[in-house]
Amino acid sequence: MFPPFNQDKAQEACNKIISLLNENKIQLTWTGRISEERAEIGLMLGVLICKDADGKEELLYTVSGNARRIIGKENLTGGTFIEPIVPAEKINEALAANDKEIHLLTEKINMAADAEEKAQLKKQREILTTQSLAKVHALYSFHCADGKVKSLKEICAVTNRGKLPPTGTGDCCAPKLLDYCYKNRLQPVSMCEVFYGKKNESKKAGIAYGPCDERCGIILPEMLGLGVLYRDEHIAVVNKQSGLLSVPGREPEKEDSVEKRFRVLYGDSVQVKQPAVHRLDMETSGIMVLAFTKEAHRAMNMAFERGDVHKEYIALLDGVLAKKGIASHGQTELYFRLDIENRPHQIWDDINGKKAVTEWNILNVEKYTAPDGSKTDATRIQFIPHTGRTHQLRLVAADSHGFATPIIGDTLYGNCMAGQRLMLHARKITFPHPATGKTITFECKEDF
């Protein structure tokens, strides 16, 4: 994951804590039984600097896992050590119910000579370990930027397709720090995680790393309200989820949006009234760019006007385009305008319509499984829009002047069954950075 907040100030604090640890002025201790294999394992040291409603800063610090803590607080003036979200003893209680039986099954597996018997024993053990893991995960909930508290189960339903996350999810530094921050209605300013201990295959001591993809990648997008792909002092690039508005609507119930969440997440750092530099349909997921400053917003607008912004989308169409004689690659020009009697639908009009130019590449034909379990043939396609018309790609797919094959889950121009989403994702964007002018590219794979 890309670090969602500026790291500089927090990294200075991390380095100070490491110096104090090395000088033995503060100590890293174990809170429970020390296992030999874990005694020498390094950990992540995390710091989050926040401010309260009056602008007063507060330093929060913690370590990864739930079995170690830092003592010697008097050497960290004003700092607060953040304890694990779920204490180790509660986790042990949750595991205790099946622990003995799991160990017995492990012994039987080691002793079993028959392959079939061993496989059956392993299945029994897997059922019990899954039950135990589910009990542990049920203990976790997280305070979020929007003021809500979400259970790990709720979060996984959105970001992990309902599957159980890896062991230790919720014990990294970032979720612990942000949970405390949002619980106490503080505003994040700077956050950093630095590796402390002996180097291993993936990490070196004293180096700052972003939140991990394996565990934090599941939790943080829901805690923050946005999946942050990139951020600097000028712009942020986020992965918008399907079903979320790009900008607030006029009605109060339509206030929740990427822009609103962006403002909540970054507070006073957002100096623009309307930070989104472009929009995606509510039902479309994928990459969006927002600006922190007026200068960055203006530069991005000019880049769009010059045609210096290039985007790519992935869609899953309800049918096989090859059977309709559609080439594997091509470019089309279509003309549409707003249907004023049926907003927000767009309709074909080759006289008054605006020209929409779209390039396409057919990637694959595959089986799509709908929420009701039914299977259909679908075409995975890459769209490269050369204009930015309303509903442009949805119309290229669905309209009779285009492919006459709607995108799966299209509520406006196709069919959408319960539990289904629009299978359209903004996967890639390339543009000149508004401050440096350097061409940058971001990619975010579709989850369908």
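Structural data are supplied above this passage.
Since the model is a prediction, treat every value here as computed from it, not as a measurement.

Draft legend 1. Local environment of the pairing of strand 10 (residues 227-231). Within strand 10, four of the five residues are buried, leaving the element largely enclosed by the surrounding structure. What sits between the antiparallel neighbours strand 10 and strand 11 (residues 235-240) is a turn of three residues.

Draft legend 2. Spotlight on empty space enclosed by the protein. Across all of its chains, the model carries one cavity of 30 Å³ or more by this definition. In terms of lining residues, the largest cavity is bounded by Pro3, Pro4, Phe5, Gln7, Met191, Cys192, Glu193, Tyr209 and Pro211. Looking at side-chain class alone, the lining of the largest cavity contains seven nonpolar, one polar and one charged residues.

Draft legend 3. Local environment of the pattern of salt bridges. Enumeration according to the criterion identifies 18 salt bridges in this entry. For Glu446, the salt bridge goes to Arg380, with nearest N and O atoms at 3.1 Å. Pair noted here: Glu446 is in the segment after strand 19 (439-443) and Arg380 is in strand 17 (residues 375-385), with a separation of 66 residues, a long-range link. Note on accessibility: Glu446 and Arg380 belong to one class, buried. Note that Arg421 is salt-bridged to Asp447, the shortest N-O span being 3.3 Å. In this pair, Arg421 is assigned in the loop between helix 10 (392-398) and strand 18 (424-432) and Asp447 in the segment after strand 19, connecting sequence segments 26 residues apart. With a relative accessible area of 19%, Arg421 lands in the buried category. Assessed through its relative accessible area of 48%, Asp447 is described here as partly exposed. Here the salt bridges do not stand alone but share partners, grouping Asp281, Glu283, Arg394 and Asp410 into one network.

Draft legend 4. Structural context of helix 4 (residues 115-137). When the terminal C-alpha atoms of helix 4 are compared, their 32 Å separation across 23 residues agrees well with the 33 Å that a helix rising 1.5 Å per residue should span. Every buried residue of helix 4 is accounted for by Leu121, Leu128, Ser132, Val136 and His137. Packing partners of the buried residues in helix 4 comprise helix 3 (88-111) and helix 5 (152-159). Backbone nitrogen of Glu116 and a side-chain oxygen of the N-cap are separated by 3.2 Å at the start of helix 4; the cap is Asp114.

Draft legend 5. The arrangement of the environment of Glu58 in detail. Relative to the helices and strands, Glu58 is located in strand 3 (residues 57-63). C-alpha of Glu58 to C-alpha of Cys181: the two residues are 123 residues apart in sequence and 9.5 Å apart in space. Non-local contacts of Glu58, meaning those with residues more than four positions away in its chain, are made with Leu48, Ile49, Cys50, Thr80, Tyr180 and Leu186.

Each value, and the rule that gives it
Residues numbered from 1 in each chain as written. Predicted model: local features only at pLDDT ≥ 70, side-chain atom pairs only at ≥ 80, totals over all residues. Heavy atoms only, no water. Buried < 20%, exposed > 50% of the residue type's maximum accessible area, 1.4 Å probe, protein only. Helix = DSSP H or I, 4+ residues; strand = E, 2+ residues; numbered from the N terminus. Pairing = 2+ DSSP bridges. 1 Å grid on protein atoms, 1.4 Å probe; cavity = no way out; pocket = protein on both sides within 12 Å on 5 of 7 lines; lining within 4 Å. Points joined across faces, edges and corners; volume = space filled by probe spheres on them. Nonpolar A, V, L, I, M, F, W, Y, C, P; charged D, E, K, R; others polar. Salt bridge = Lys/Arg side-chain N within 4 Å of Asp/Glu carboxyl O. Expected span 1.5 Å × (residues − 1). Contact = heavy atoms within 4.5 Å. Polar contact = N/O pair within 3.5 Å; in protein donor to acceptor, adjacent residues only side chain to side chain.

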